[in-house]
Amino acid sequence: EKQKAQLRLEDAHRMLQREQERSERLLLNILPGPIAERLKNSNQTIADGFADVSVMFVDIVNFTRIAEGLTPQQVFSMLNRVFSSFDELAEKYGLEKIKTIGDAYMAAGGLNDQREDFTEALADLALEMRDLLQRDFRVNDMHLEVRIGIGTGPVVAGVVGKKKFIYDLWGDTVNLASRITSEGIPGIVQVDENTHRKLRNSFDFQAPQTIYLKGKGDTVVYRAIGRKAPLVAGT
């Protein structure tokens, strides 16, 4: 009887461990790892200020018009393929996916002890996302185009709510990145002056443009071409 009781206890312990591991995976699918740890270990509100974060939005062009001719299942399948491929690329570059908002994808670098060259990594990510859609029609069978914008500066980051909570970002940097994206050109990665300053030694850009942004007025933006060609010794 003692052995049977011990076996039952061991089975219950294994089941509990499996459920805990499952809960951990679910939590890490919702929150960054360091934030998930803090949430588990404290009841305090999570709100952090960051002085230097790069924020990116990716917007699908003419999504509403394209979706009108599709069934709900087709719309879901289309977005799931595209955004899942974006998730894989964000993980490849060690950057944080923040959320999807309808047909838009939001990611950031510079949060929670990420890589130091996060702005360069975010620019690489943006260009690879664009190129993926242009070349891989298994992922992008609808031949979707995207606008991409990146802004860099201070943000506030934290967890909102007690039910269906999310990790989110706020501040002028987020608003600027969003507006740069919405006023962008399909197939172009557009960045603000702060971002350009951090990228100009590693990336080539078109000549600066001045565009009007709602709530911001005339704003200088730069359109990324790609990585600078490596210098060849002796040239």
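So, here's what we can say about the structure. (Residues numbered from 1 in each chain as written. Predicted model: local features only at pLDDT ≥ 70, side-chain atom pairs only at ≥ 80, totals over all residues. Heavy atoms only, no water.)

## A word on the environment of Arg 147
Locating Arg 147 in the fold gives a position in strand β4 (residues 146-160). Residue classification places Arg 147 among the partly exposed residues on the basis of a relative accessible area of 21%. A C-alpha to C-alpha distance of 17 Å links Arg 147 and Ser 54, two positions 93 residues apart in sequence. If we ignore the near neighbours within four places in the chain, the residues touching Arg 147 are Phe 57, Val 58, Asp 59, Val 61, Thr 181, Ser 182, Gly 184, Ile 185, Pro 186 and Ile 188. (Helix = DSSP H or I, 4+ residues; strand = E, 2+ residues; numbered from the N terminus. Buried < 20%, exposed > 50% of the residue type's maximum accessible area, 1.4 Å probe, protein only. Contact = heavy atoms within 4.5 Å.)

## A short note on unusual backbone geometry
Although it is not a glycine, Asn 62 sits at a positive phi angle of roughly 55 degrees. Turning to its location among the elements, Asn 62 is positioned in the loop between β1 (47-60) and α3 (63-68). Backbone geometry places His 143, a non-glycine residue, at a positive phi of 55 degrees. Within the secondary structure, His 143 sits in the loop between α5 (118-135) and β4.

## A look at a nonpolar patch on the surface
On the surface, Val 156, Val 160, Ile 166 and Trp 170 cluster together into a nonpolar patch covering about 320 Å² of accessible area. Going through the elements one at a time, β4 and β5 (166-170) are the ones with two or more residues in the nonpolar patch. Within the secondary structure, Trp 170 sits in strand β5. For Trp 170, a relative accessible area of 36% corresponds to the partly exposed category. (Patch = residues over 30% accessible without salt bridge, like charges linked within 9 Å, V, L, I, M, F, W, Y side chains within 5 Å. Areas by Shrake-Rupley, 256 points an atom, 1.4 Å probe, with all protein chains shown as cover. Salt bridge = Lys/Arg side-chain N within 4 Å of Asp/Glu carboxyl O.)

## Focus on the pattern of salt bridges
For the structure shown, the criterion picks out 11 salt bridges. Of the charged contacts, one joins Asp 141 and Arg 81 as a salt bridge, the two residues approaching to 2.6 Å between their closest N and O atoms. One end of the pair, Asp 141, is in the loop between α5 and β4; the other, Arg 81, is in helix α4 (residues 72-92), with 60 residues separating them in the sequence. A salt bridge links Glu 128 to Lys 92, with the shortest nitrogen-to-oxygen separation between them at 3.0 Å. You can see Glu 128 sitting in helix α5 and its partner Lys 92 sitting in helix α4, a full 36 residues away along the chain. Residue classification places Lys 92 among the exposed positions, given a relative accessible area of 53%.

## A look at the nonpolar core
In this structure, Met 56, Val 58, Phe 86, Tyr 105, Leu 125, Met 129 and Val 189 are the most contacted members of the largest nonpolar core, which totals 40 residues. By residue number, the principal contributor to this core is α5, which donates 10 residues. Apart from the residues within four sequence positions on either side, Met 56 is in contact with Tyr 105, Met 106, Ala 107, Leu 122, Leu 125, Ala 126, Met 129, Ile 148, Gly 149 and Ile 150. (Core = buried A, V, L, I, M, F, W, Y, C linked by side-chain atoms within 4.5 Å.)

## A few points about the packing of aromatic side chains
In the structure shown here, the tally under the stated rule is four aromatic pairs. On the numbers, 5.6 Å between centres and 45 degrees between planes, the contact of Phe 83 with Tyr 105 is tilted. Taken together, the positions of Phe 83 in helix α4 and Tyr 105 in strand β3 (residues 104-109) put the pair 22 residues apart, joining distant regions of the chain. Given the relative accessible area of 0%, Tyr 105 is considered buried. Ring geometry for Phe 205 versus Tyr 222: centroids 6.3 Å apart, planes at 80 degrees, classification edge-to-face. In this pair, Phe 205 is assigned in strand β7 (residues 203-205) and Tyr 222 in strand β9 (residues 217-227), connecting sequence segments 17 residues apart. In this structure, Phe 205 and Tyr 222 share a single accessibility class: buried. By way of ring pairs, the aromatic residues Phe 83, Phe 86 and Tyr 105 are connected into one cluster. (Phe/Tyr/Trp six-rings, centres within 6.5 Å; stacked < 30°, edge-to-face > 60°.)

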